[in-house]
Amino acid sequence: MASTADPTAQLYSLPNVLHNQCLTSVKFISACFSGAVAGILGLQNWRGFALFAISVLSTSFMMYAVNCKGKPSRYLPGGVGELINPGQDNIFTFILVWTLFYGIVHGMPSLFAVVDLGR
């Protein structure tokens with residue numbers, strides 16, 4: 001077996017670390033759903049970002065309790081910090097989906113609205 005200079009590098013299995021990509025996918029899906037909910041509910045300003053923060057914290061708690069069994073440092077190189085960190089991409093995804101759904105639901109009147117031309 002080849003030795004590495006960093007002794008902590010041997011504590012992590014490469015296939016398992018690569019499998020942690022699922023964590024990124026779960027965070028991405030959570031950001032999409034919370035953005036859609038914020039847009040549909042018509043949340044604006046800090047209320048929308050508060051929903052995003054609640055979504056990140058609840059998703060992190062579920063991953064902490066269910067997947068990591070209360071010991072994230074055993075499964076993730078970054079520990080709890082890696083669970084809670086939403087990532088820059090997920091924040092941008094949240095804002096994109098939030099504005100998309102807000103515009104669809106609360107934006108311009110529907111093109112199929114009946115116009116009363118008799119008046």
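This is a predicted model, so every value here is computed, not measured.

Student: Residue-level account of the packing of helix 2 (residues 21-41) against helix 3 (residues 46-67), with values.
Tutor: Each pair of packed helices can be summarised by the angle the axes make with each other and by the distance between the axes. One can describe the packing of helix 2 onto helix 3 by two numbers: an axis separation of 10 Å at closest approach and a directional angle of 145°. For the crossing formed where helix 2 meets helix 3, the hand is right-handed. Of helix 3, the residues touching helix 2 (which contributes Leu23, Val26, Ser30, Ala31, Ser34, Val37 and Ala38) are Leu51, Phe52, Ser55, Thr59 and Met63.

Student: Which residues make up the side chain of Ser34, and what values go with them?
Tutor: Along the polypeptide, Ser34 turns up in helix 2. Owing to a relative accessible area of 6%, Ser34 belongs among the buried residues under this scheme. One polar contact links the side chain of Ser34 to the main-chain carbonyl oxygen of Ala31, over a distance of 3.2 Å. Beyond its immediate stretch of four places on either side in the chain, Ser34 contacts Leu51, Phe52, Ser55 and Phe94.

Student: Requested: an account of the environment of Thr99, with residues and values cited.
Tutor: Structurally, the position occupied by Thr99 is in helix 6 (residues 88-106). Residue classification places Thr99 among the partly exposed residues on the basis of a relative accessible area of 49%. Taking the C-alpha atoms as reference points, Thr99 and Gly35, 64 residues apart in sequence, are found 7.9 Å from one another. There is a polar contact of 3.0 Å between the side chain of Thr99 and the backbone oxygen of Leu96.

Student: Tell me about the packing of aromatic side chains, residues and numbers included.
Tutor: The description of an aromatic ring pair rests on the distance of the ring centres and on the angle between the ring planes. Counted by the stated rule, this structure contains four aromatic pairs. Between Phe49 and Phe94, the aromatic rings sit 6.2 Å apart at their centres with planes inclined by 55°, giving tilted as the arrangement. Note that Phe49 is positioned in helix 3 and Phe94 in helix 6, a separation of 45 residues in sequence. A residue is classified by how much of its surface remains accessible, and Phe94, at 0% relative accessible area, is buried. Between the aromatic rings of Phe52 and Phe94, the centroid separation amounts to 4.8 Å while the plane-to-plane angle is 35°, which identifies the pairing as tilted. Taken together, the residues span a long stretch of sequence, with Phe52 in helix 3 and Phe94 in helix 6 at a distance of 42 residues. In this structure Phe52 comes out as buried when scored by relative accessible area, which is 9%. In this structure an aromatic cluster arises from ring pairing among Phe49, Phe52, Phe94 and Trp98.

Thresholds, definitions, all that
- Residues numbered from 1 in each chain as written.
- Predicted model: local features only at pLDDT ≥ 70, side-chain atom pairs only at ≥ 80, totals over all residues.
- Heavy atoms only, no water.
- Axes fitted to C-alpha atoms, helices over the stretch in contact; angles between N-to-C directions.
- Helix = DSSP H or I, 4+ residues; strand = E, 2+ residues; numbered from the N terminus.
- Left-handed = near helix turned anticlockwise from the far one by under 90°.
- Contact = heavy atoms within 4.5 Å.
- Buried < 20%, exposed > 50% of the residue type's maximum accessible area, 1.4 Å probe, protein only.
- Polar contact = N/O pair within 3.5 Å; in protein donor to acceptor, adjacent residues only side chain to side chain.
- Phe/Tyr/Trp six-rings, centres within 6.5 Å; stacked < 30°, edge-to-face > 60°.

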